[in-house]
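Take a look at the letters that make up each chain.
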Amino acid sequence: MKDMIARNYPGTKVALTEYSFGAIELSRPPATDNVAVTGYEVGQRSAAGTTEFATTATTLTVTGLSPGRSYTFWVRARDGAGNLSPKSRTVSVTTPRR
């Protein structure tokens, strides 16, 4: 039987754990699924556009950020059937200027 049930990630917000001039660390609680959560897609939006990262970890360090720029992040959980949860609530940060 094909897994058609979306991951359970209700209203979970990505937490900004730490940030510096060119990097930030994000964390979030693990998602649940009726079969198994196999990973996460982390989205990053800035004036330069939108990027998505795939990870299996609940903590992610994003590097290569420009000082003094604003970034917004969100996360979606993925299961083995490729179903994606809705996007989490976002967290925004402006990296410090040098």
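Just so we're clear, the structure is a prediction, and the values are computed from it rather than from any experiment. (Residues numbered from 1 in each chain as written. Predicted model: local features only at pLDDT ≥ 70, side-chain atom pairs only at ≥ 80, totals over all residues. Heavy atoms only, no water.)

A. View of the overall build of the protein chain. A tally of regular secondary structure across the protein chain gives 0 helices and 7 strands. The linear arrangement of helices and strands in the protein chain, starting from the amino end, is β-β-β-β-β-β-β. By the burial criterion, 39% of the 98 residues in the protein chain qualify as buried. A separation of at least 24 residues holds for 64% of the contacts in the protein chain among residues at least 6 apart in sequence. On the protein chain, roughly 5600 Å² of surface is accessible, and the fraction owed to carbon and sulfur atoms is 51%. (Helix = DSSP H or I, 4+ residues; strand = E, 2+ residues; numbered from the N terminus. Buried < 20%, exposed > 50% of the residue type's maximum accessible area, 1.4 Å probe, protein only. Contact = heavy atoms within 4.5 Å. Areas by Shrake-Rupley, 256 points an atom, 1.4 Å probe, with all protein chains shown as cover.)

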